[in-house]
Amino acid sequence: MRVFTICNHKGGTGKTTTVIHIAAAMGLSGHRTLVIDLDPQGFLTRTMGVNPDTCSDTALSLFDPDASLWDCDTVEMNGFDLLPSSNRLTREMRDLNKPTDVLWIREAIERKADEAAYDTVLFDTAAAVTVYSLNALVASQYAVIPVLPEYQSVVGAEQTYQTVAMVRKRLNPELHPSMFLFTQVDERKRLHSAYRSYMRKKYTHRVLDTIIRTSTSLTEASEDGETVFDTDPQSKGARNYANATDDLLRRVEAYEEGNATTPSNGQLVSSTSPPETPSLS
Ligand SMILES: Nc1ncnc2c1ncn2[C@@H]1O[C@H](COP(=O)(O)OP(=O)(O)O)[C@@H](O)[C@H]1O
Ligand SMILES: [Mg+2]
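Along each chain, residue indices are assigned from 1 in the same order as the chain's sequence is written. Whichever chain is written first is A, and whichever ligand is written first is 1; the rest continue in order. Thresholds applied to this predicted model are a pLDDT of at least 70 for local features of residues and 80 or more for the giving and counting of side-chain atom pairs; totals over whole chains, interfaces and linings are not thresholded and use all residues. Side-chain figures throughout are based on the complete set of non-hydrogen atoms in the structure, without hydrogens or water.

**Observations concerning the site of ligand 1**
Not every one of the 15 residues close to ligand 1 is listed here, only the nearest: Gly12, Lys15, Thr16, Thr17 and Ser215. Here Gly12 contributes a backbone N or O atom positioned 2.8 Å from an oxygen atom of ligand 1. When ligand 1 sits alone it has 550 Å² of accessible area, and the protein chains cover 77% of it. For cavity detection a 1 Å grid was placed over the protein atoms alone, and a set of points counts as a cavity when a 1.4 Å probe fits there but cannot get out; an open set counts as a pocket when protein lies on both sides within 12 Å along at least five of seven lines, with lining residues being those that have an atom within 4 Å of a point. Throughout, a molecule is located in a cavity or pocket provided that more than half of its atoms lie within 2 Å of its grid points. Among the detected pockets, ligand 1 sits in the largest pocket. Contributing elements (two or more residues each) for the shell around ligand 1: α1 (15–28) and α8 (216–221). The helix and strand labels rest on DSSP assignments: H or I over at least four residues marks a helix, E over at least two residues marks a strand, and numbering proceeds from the N terminus. Sorting elements by how many residues they give to the shell around ligand 1 places α1 first, with 3 residues. Only Asp, Glu, Lys and Arg are considered charged, only Ala, Val, Leu, Ile, Met, Phe, Trp, Tyr, Cys and Pro nonpolar, and every remaining residue, Gly among them, polar. Residues that form the shell around ligand 1 fall into these classes: 2 nonpolar, 11 polar and 2 charged. Think of it this way: one heavy atom of a residue within 4 Å of a molecule or strand is enough to make that residue near it. Whenever a nitrogen or oxygen atom comes within 3.5 Å of another N or O atom, the pair is scored as a polar contact, on the condition that within protein one atom can donate a hydrogen and the other can accept it, and that pairs from neighbouring residues in sequence are kept only if both atoms are in side chains. Note on areas: these come from Shrake-Rupley sampling with a 1.4 Å probe, and a residue is covered only by the protein chains present in the view.

Right, here's the structure in full:
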(Lines give C-alpha, C1' and ligand atoms only; values in the text may rest on other atoms or scores of the structure.)
(Ligands and ions follow the chains in the order given, each with its own letter.)
Protein backbone atom coordinates (compact mmCIF):
# COMPACT_ATOMS: atom_id res chain seq x y z
CA MET A 1 0.00 0.00 0.00
CA ARG A 2 1.26 3.46 -0.91
CA VAL A 3 0.65 6.36 1.43
CA PHE A 4 0.95 9.98 0.29
CA THR A 5 0.76 13.25 2.20
CA ILE A 6 -0.18 16.32 0.19
CA CYS A 7 1.20 19.32 2.02
CA ASN A 8 2.38 22.92 1.78
CA HIS A 9 2.64 25.24 4.79
CA LYS A 10 1.02 27.95 2.66
CA GLY A 11 -2.75 27.93 2.02
CA GLY A 12 -4.42 28.21 -1.37
CA THR A 13 -1.71 26.28 -3.21
CA GLY A 14 -4.08 23.60 -4.50
CA LYS A 15 -3.59 20.89 -1.86
CA THR A 16 -7.24 19.97 -1.52
CA THR A 17 -7.89 20.16 -5.26
CA THR A 18 -4.84 17.97 -5.85
CA VAL A 19 -5.89 15.33 -3.30
CA ILE A 20 -9.39 15.08 -4.76
CA HIS A 21 -8.26 14.85 -8.37
CA ILE A 22 -5.31 12.53 -7.87
CA ALA A 23 -7.58 10.27 -5.80
CA ALA A 24 -10.24 10.32 -8.53
CA ALA A 25 -7.67 9.68 -11.26
CA MET A 26 -6.20 6.79 -9.31
CA GLY A 27 -9.70 5.43 -8.74
CA LEU A 28 -10.40 5.61 -12.47
CA SER A 29 -7.29 3.58 -13.19
CA GLY A 30 -8.37 0.87 -10.80
CA HIS A 31 -6.46 1.74 -7.62
CA ARG A 32 -8.51 1.23 -4.49
CA THR A 33 -8.02 4.65 -2.97
CA LEU A 34 -8.78 6.21 0.41
CA VAL A 35 -8.63 9.94 1.16
CA ILE A 36 -8.21 11.04 4.77
CA ASP A 37 -9.09 14.68 5.43
CA LEU A 38 -6.76 15.86 8.20
CA ASP A 39 -7.43 19.56 7.74
CA PRO A 40 -9.45 20.69 10.80
CA GLN A 41 -11.24 23.18 8.53
CA GLY A 42 -12.50 20.24 6.51
CA PHE A 43 -12.73 21.95 3.12
CA LEU A 44 -12.21 18.68 1.27
CA THR A 45 -14.97 16.99 3.27
CA ARG A 46 -17.33 19.91 2.60
CA THR A 47 -16.35 20.12 -1.05
CA MET A 48 -17.30 16.48 -1.43
CA GLY A 49 -20.70 17.29 0.06
CA VAL A 50 -20.14 15.21 3.22
CA ASN A 51 -21.43 16.29 6.63
CA PRO A 52 -19.06 14.78 9.21
CA ASP A 53 -21.74 15.02 11.93
CA THR A 54 -23.64 12.24 10.19
CA CYS A 55 -20.58 9.94 9.87
CA SER A 56 -19.80 7.26 12.42
CA ASP A 57 -16.04 7.66 11.86
CA THR A 58 -13.85 10.65 11.05
CA ALA A 59 -10.11 11.25 10.96
CA LEU A 60 -10.35 11.72 14.72
CA SER A 61 -11.25 8.03 15.11
CA LEU A 62 -7.59 7.24 14.38
CA PHE A 63 -6.50 8.96 17.62
CA ASP A 64 -7.53 6.15 19.90
CA PRO A 65 -5.31 3.52 21.55
CA ASP A 66 -7.11 0.61 19.89
CA ALA A 67 -7.98 2.31 16.61
CA SER A 68 -7.47 0.50 13.35
CA LEU A 69 -7.89 2.34 10.07
CA TRP A 70 -9.33 -0.87 8.64
CA ASP A 71 -12.27 -0.85 11.03
CA CYS A 72 -13.29 2.72 10.21
CA ASP A 73 -16.50 3.38 8.29
CA THR A 74 -15.67 5.49 5.26
CA VAL A 75 -17.89 7.40 2.85
CA GLU A 76 -18.02 6.21 -0.75
CA MET A 77 -17.30 8.84 -3.38
CA ASN A 78 -17.08 8.40 -7.13
CA GLY A 79 -13.72 6.64 -7.47
CA PHE A 80 -12.44 6.75 -3.89
CA ASP A 81 -13.49 6.45 -0.26
CA LEU A 82 -13.29 9.30 2.24
CA LEU A 83 -12.57 9.38 5.94
CA PRO A 84 -13.88 12.88 6.66
CA SER A 85 -12.48 15.66 8.79
CA SER A 86 -14.12 16.35 12.15
CA ASN A 87 -15.27 19.59 13.73
CA ARG A 88 -13.50 18.39 16.87
CA LEU A 89 -10.00 18.16 15.37
CA THR A 90 -9.10 21.73 16.42
CA ARG A 91 -10.27 21.27 20.00
CA GLU A 92 -8.57 17.89 20.41
CA MET A 93 -5.27 19.27 19.10
CA ARG A 94 -4.61 20.96 22.47
CA ASP A 95 -4.37 17.57 24.17
CA LEU A 96 -2.11 16.06 21.51
CA ASN A 97 1.09 17.60 22.81
CA LYS A 98 3.32 14.65 23.72
CA PRO A 99 6.17 13.64 21.38
CA THR A 100 4.49 10.26 20.83
CA ASP A 101 1.31 11.97 19.62
CA VAL A 102 2.77 12.04 16.11
CA LEU A 103 2.53 8.23 15.94
CA TRP A 104 -1.24 7.68 16.24
CA ILE A 105 -2.08 7.32 12.57
CA ARG A 106 0.88 5.13 11.69
CA GLU A 107 -0.15 2.78 14.49
CA ALA A 108 -3.79 2.83 13.39
CA ILE A 109 -2.67 1.85 9.87
CA GLU A 110 -0.42 -0.91 11.18
CA ARG A 111 -3.26 -2.46 13.17
CA LYS A 112 -4.63 -3.93 10.00
CA ALA A 113 -6.28 -7.03 8.70
CA ASP A 114 -4.10 -9.47 6.73
CA GLU A 115 -4.90 -7.82 3.48
CA ALA A 116 -5.13 -4.05 3.13
CA ALA A 117 -8.42 -2.83 1.66
CA TYR A 118 -6.67 -0.03 -0.23
CA ASP A 119 -3.82 0.32 -2.69
CA THR A 120 -3.39 4.01 -2.02
CA VAL A 121 -4.05 6.36 0.88
CA LEU A 122 -3.87 10.15 0.42
CA PHE A 123 -3.82 12.64 3.30
CA ASP A 124 -5.04 16.20 2.84
CA THR A 125 -3.46 18.53 5.39
CA ALA A 126 -3.86 22.08 6.69
CA ALA A 127 -1.53 24.91 5.72
CA ALA A 128 0.59 24.58 8.88
CA VAL A 129 2.84 22.18 10.73
CA THR A 130 0.45 20.61 13.21
CA VAL A 131 0.30 17.33 15.05
CA TYR A 132 -2.05 16.18 12.28
CA SER A 133 0.26 16.96 9.37
CA LEU A 134 3.13 15.35 11.28
CA ASN A 135 0.98 12.25 11.86
CA ALA A 136 0.35 12.13 8.10
CA LEU A 137 4.05 12.39 7.24
CA VAL A 138 5.02 9.82 9.86
CA ALA A 139 2.55 7.38 8.25
CA SER A 140 3.56 8.12 4.62
CA GLN A 141 6.17 6.97 2.11
CA TYR A 142 5.62 9.93 -0.22
CA ALA A 143 5.06 13.66 0.19
CA VAL A 144 3.74 15.79 -2.65
CA ILE A 145 3.99 19.58 -2.33
CA PRO A 146 1.59 21.45 -4.62
CA VAL A 147 3.18 24.80 -5.38
CA LEU A 148 1.79 27.83 -7.13
CA PRO A 149 4.73 29.49 -8.88
CA GLU A 150 4.51 32.67 -6.79
CA TYR A 151 6.59 34.03 -3.92
CA GLN A 152 4.62 32.99 -0.81
CA SER A 153 3.74 29.58 -2.14
CA VAL A 154 7.34 28.86 -3.14
CA VAL A 155 8.59 29.92 0.32
CA GLY A 156 5.92 27.70 1.90
CA ALA A 157 6.94 24.84 -0.39
CA GLU A 158 10.60 25.14 0.54
CA GLN A 159 9.77 25.23 4.26
CA THR A 160 7.58 22.17 3.77
CA TYR A 161 10.43 20.43 1.98
CA GLN A 162 12.59 21.00 5.07
CA THR A 163 9.85 19.70 7.37
CA VAL A 164 9.57 16.54 5.27
CA ALA A 165 13.36 16.11 5.43
CA MET A 166 13.23 16.50 9.22
CA VAL A 167 10.45 13.92 9.56
CA ARG A 168 12.40 11.55 7.35
CA LYS A 169 15.54 11.97 9.42
CA ARG A 170 14.01 11.85 12.88
CA LEU A 171 10.75 9.97 12.67
CA ASN A 172 10.16 8.06 9.44
CA PRO A 173 13.08 6.76 7.36
CA GLU A 174 10.60 5.25 4.88
CA LEU A 175 9.53 8.71 3.75
CA HIS A 176 11.06 9.67 0.40
CA PRO A 177 12.17 13.23 -0.35
CA SER A 178 9.31 15.47 -1.42
CA MET A 179 8.03 15.84 -4.95
CA PHE A 180 6.77 19.24 -6.13
CA LEU A 181 3.74 19.72 -8.37
CA PHE A 182 3.10 23.11 -9.96
CA THR A 183 -0.55 24.13 -9.73
CA GLN A 184 -2.65 27.04 -11.00
CA VAL A 185 0.04 27.83 -13.56
CA ASP A 186 -0.62 30.69 -15.94
CA GLU A 187 1.91 30.36 -18.74
CA ARG A 188 1.39 33.98 -19.79
CA LYS A 189 2.75 35.28 -16.48
CA ARG A 190 6.49 35.94 -16.54
CA LEU A 191 6.70 35.64 -12.77
CA HIS A 192 5.26 32.14 -12.95
CA SER A 193 7.82 31.11 -15.50
CA ALA A 194 10.63 32.65 -13.37
CA TYR A 195 9.59 30.73 -10.26
CA ARG A 196 9.18 27.52 -12.24
CA SER A 197 12.71 27.85 -13.62
CA TYR A 198 14.04 28.59 -10.13
CA MET A 199 12.39 25.48 -8.66
CA ARG A 200 13.42 23.21 -11.54
CA LYS A 201 17.00 24.38 -11.33
CA LYS A 202 17.20 23.89 -7.59
CA TYR A 203 15.13 20.72 -7.12
CA THR A 204 15.63 19.17 -10.59
CA HIS A 205 13.95 15.75 -10.81
CA ARG A 206 11.95 16.35 -7.63
CA VAL A 207 9.69 18.67 -9.61
CA LEU A 208 7.10 16.67 -11.55
CA ASP A 209 7.29 17.24 -15.31
CA THR A 210 3.53 17.65 -15.51
CA ILE A 211 1.99 20.95 -14.46
CA ILE A 212 -1.57 21.86 -13.47
CA ARG A 213 -2.72 24.96 -15.30
CA THR A 214 -5.29 27.43 -14.08
CA SER A 215 -8.62 26.00 -15.13
CA THR A 216 -12.13 27.18 -14.42
CA SER A 217 -13.33 23.58 -14.74
CA LEU A 218 -11.43 22.77 -11.52
CA THR A 219 -12.97 25.66 -9.59
CA GLU A 220 -16.46 24.88 -10.86
CA ALA A 221 -16.17 21.17 -10.18
CA SER A 222 -15.31 21.66 -6.55
CA GLU A 223 -18.68 22.70 -5.20
CA ASP A 224 -21.05 19.81 -5.52
CA GLY A 225 -19.13 16.71 -4.49
CA GLU A 226 -18.14 15.86 -8.03
CA THR A 227 -14.70 15.97 -9.55
CA VAL A 228 -13.79 17.33 -12.94
CA PHE A 229 -13.64 13.73 -14.17
CA ASP A 230 -17.42 13.61 -13.64
CA THR A 231 -18.32 17.11 -14.78
CA ASP A 232 -15.92 17.78 -17.65
CA PRO A 233 -13.62 14.84 -18.40
CA GLN A 234 -12.29 16.43 -21.62
CA SER A 235 -11.29 19.65 -19.89
CA LYS A 236 -7.76 20.94 -19.38
CA GLY A 237 -8.12 20.40 -15.62
CA ALA A 238 -9.05 16.72 -16.06
CA ARG A 239 -6.23 16.12 -18.55
CA ASN A 240 -3.67 17.90 -16.37
CA TYR A 241 -4.55 15.89 -13.26
CA ALA A 242 -4.70 12.60 -15.20
CA ASN A 243 -1.19 13.30 -16.56
CA ALA A 244 0.13 14.42 -13.16
CA THR A 245 -1.16 11.20 -11.61
CA ASP A 246 0.60 9.11 -14.28
CA ASP A 247 3.77 11.13 -13.74
CA LEU A 248 3.56 10.62 -9.98
CA LEU A 249 2.95 6.89 -10.33
CA ARG A 250 5.94 6.55 -12.65
CA ARG A 251 8.18 8.22 -10.05
CA VAL A 252 6.80 6.04 -7.29
CA GLU A 253 7.33 2.88 -9.35
CA ALA A 254 10.92 3.97 -9.99
CA TYR A 255 11.45 4.39 -6.24
CA GLU A 256 9.92 0.99 -5.58
CA GLU A 257 12.11 -0.69 -8.14
CA GLY A 258 15.10 0.86 -6.39
CA ASN A 259 15.90 2.79 -9.52
CA ALA A 260 17.79 5.83 -8.27
CA THR A 261 17.64 7.72 -11.53
CA THR A 262 14.82 9.42 -13.32
CA PRO A 263 14.30 9.03 -17.05
CA SER A 264 13.99 12.77 -17.66
CA ASN A 265 17.46 13.91 -16.66
CA GLY A 266 19.21 10.84 -15.29
CA GLN A 267 20.31 12.66 -12.13
CA LEU A 268 20.83 10.74 -8.96
CA VAL A 269 18.02 10.89 -6.44
CA SER A 270 19.86 11.86 -3.29
CA SER A 271 17.78 11.22 -0.22
CA THR A 272 19.80 13.35 2.17
CA SER A 273 20.93 16.96 2.60
CA PRO A 274 18.21 19.13 1.13
CA PRO A 275 19.49 22.23 -0.65
CA GLU A 276 19.77 25.43 1.34
CA THR A 277 16.70 27.64 1.47
CA PRO A 278 17.47 30.66 -0.68
CA SER A 279 16.61 34.25 0.02
CA LEU A 280 13.93 34.92 -2.55
CA SER A 281 13.28 38.48 -3.53
N1 LIG B 1 -5.73 24.56 -11.23
C2 LIG B 1 -6.65 25.37 -10.71
N3 LIG B 1 -7.30 26.24 -11.48
C4 LIG B 1 -8.21 27.10 -10.97
N5 LIG B 1 -8.53 27.16 -9.68
C6 LIG B 1 -7.92 26.31 -8.83
C7 LIG B 1 -6.95 25.37 -9.30
N8 LIG B 1 -6.49 24.66 -8.22
C9 LIG B 1 -7.15 25.14 -7.16
N10 LIG B 1 -8.00 26.12 -7.51
C11 LIG B 1 -8.86 26.92 -6.62
O12 LIG B 1 -8.01 27.64 -5.74
C13 LIG B 1 -8.53 27.65 -4.42
C14 LIG B 1 -7.52 27.03 -3.45
O15 LIG B 1 -7.35 25.66 -3.80
P16 LIG B 1 -7.29 24.52 -2.68
O17 LIG B 1 -7.14 23.24 -3.40
O18 LIG B 1 -8.43 24.65 -1.74
O19 LIG B 1 -5.94 24.93 -1.94
P20 LIG B 1 -5.38 24.50 -0.49
O21 LIG B 1 -6.02 23.23 -0.12
O22 LIG B 1 -3.91 24.41 -0.69
O23 LIG B 1 -5.74 25.64 0.44
C24 LIG B 1 -9.85 26.92 -4.49
O25 LIG B 1 -10.88 27.85 -4.64
C26 LIG B 1 -9.71 26.05 -5.74
O27 LIG B 1 -10.97 25.78 -6.34
MG1 LIG C 1 -7.05 22.67 1.61
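**Examining the packing of helix α6 (residues 151–170) against helix α7 (residues 190–203)**
Think of each axis as a best-fit line through the C-alpha atoms, taken over the contacting stretch in the case of a helix, with angles from 0 to 180 degrees between the N-to-C directions. With their axes 11 Å apart at the nearest point, α6 and α7 run at an angle of 15° to one another. Between α6 and α7, the angle falls in the class roughly parallel. The way α6 lies across α7 gives a crossing that is right-handed. Here Tyr151, Val154, Glu158 and Tyr161 of α6 lie close against α7, whose contacting residues are Tyr195, Tyr198, Met199, Lys202 and Tyr203. Of the residues belonging to the contact of α6 with α7, the class tally is 7 nonpolar, no polar and 2 charged. Here roughly perpendicular refers to angles of 65 to 115 degrees, roughly parallel to angles under 35, roughly antiparallel to angles over 145, and oblique to all remaining angles. Handedness of each helix crossing follows the sense of rotation of the near helix against the far helix: counterclockwise by less than a right angle gives left-handed, clockwise gives right-handed. Every residue pair with non-hydrogen atoms within 4.5 Å of one another is taken to be in contact.

**Regarding the packing of aromatic side chains**
Note on aromatic pairs: the rings of Phe, Tyr and Trp (six-membered ring only in Trp) are paired at centre separations within 6.5 Å, and the planes decide the class, stacked below 30 degrees, edge-to-face beyond 60, tilted for the rest. All told, the structure shown has 8 aromatic pairs when counted by the stated rule. On the basis of an interplanar angle of 45° and a centroid distance of 6.4 Å, the ring pair of Phe63 and Trp104 is categorised as tilted. Placement of the pair is Phe63 in the loop between α2 (43–47) and β3 (75–76) and Trp104 in helix α4 (residues 104–110), with a sequence separation of 41 residues. Note on classification: 1.4 Å probe, protein chains only; a residue is buried when its accessible area is under 20% of the maximum for its type, exposed when over 50%, partly exposed between these limits. Among the residues examined, Phe63 registers a relative accessible area of 13% and is labelled buried. Taking the centre distance of 5.4 Å and the plane angle of 90° together, the rings of Phe63 and Tyr132 count as edge-to-face. On the criterion of sequence distance, the pair formed by Phe63 in the loop between α2 and β3 and Tyr132 in helix α5 (residues 131–138) is long-range, its members being 69 residues apart. In terms of burial, Phe63 and Tyr132 fall into one category: buried.

**Looking at the layout of surface pockets**
Grid points are joined across faces, edges and corners, and a volume is the space filled by probe spheres set on the points. There is about 540 Å³ of room inside the largest pocket. Broken down by secondary-structure element, the contributors of at least two residues to the lining of the largest pocket are α1, α2 and α8. In terms of residues, the lining of the largest pocket owes the most to one element, α1, which gives 5 residues. For the lining of the largest pocket, the class distribution of residues is 7 nonpolar, 16 polar and 3 charged. Taken together, 13 residues line the second largest pocket, and the ones lying closest to its centre are Arg106, Glu110, Ala139, Gln141 and Glu174. Of the residues assigned to the lining of the second largest pocket, the class counts are 6 nonpolar, 3 polar and 4 charged.

**Focus on the confidence of the model for the chain**
Along the chain, pLDDT gives the predictor's confidence residue by residue, from 0 to 100. When the pLDDT values of the chain are averaged, the result is 90; 90% of them are 70 or greater. Per-residue pLDDT stays below 50 along residues 262–281; that stretch engages in 44 contacts with residues further than four places along the chain or on separate chains.

**Points about the sheet that holds strand β6 (residues 142–147)**
Taken in spatial order, the 7 strands make up an open sheet running β3-β4-β2-β5-β1-β6-β7, and their pairing is mixed. Both edges of this open sheet fall to β3 and β7 (179–182), since each of them pairs with a single strand only. Think of it this way: DSSP has to see at least two bridges between two strands before they count as a pair. The pairing of strand β1 (residues 2–6) with strand β5 (residues 120–124) spans 5 bridges and is parallel. Paired with Phe4 across the bridge in β5 is Leu122.

**Looking at empty space enclosed by the protein**
According to the stated counting rule, one finds 2 cavities of 30 Å³ or more in the structure shown. There is about 60 Å³ of room inside the second largest cavity. Cys7, His9, Thr125, Ala126, Ala128, Val129, Ser133, Leu134, Leu137, Thr160 and Thr163 together form the lining of the second largest cavity. Secondary structure elements with two or more residues in the lining of the second largest cavity: α5 and α6. Considering every element that reaches the lining of the second largest cavity, the biggest residue donor is α5, with 3 residues.

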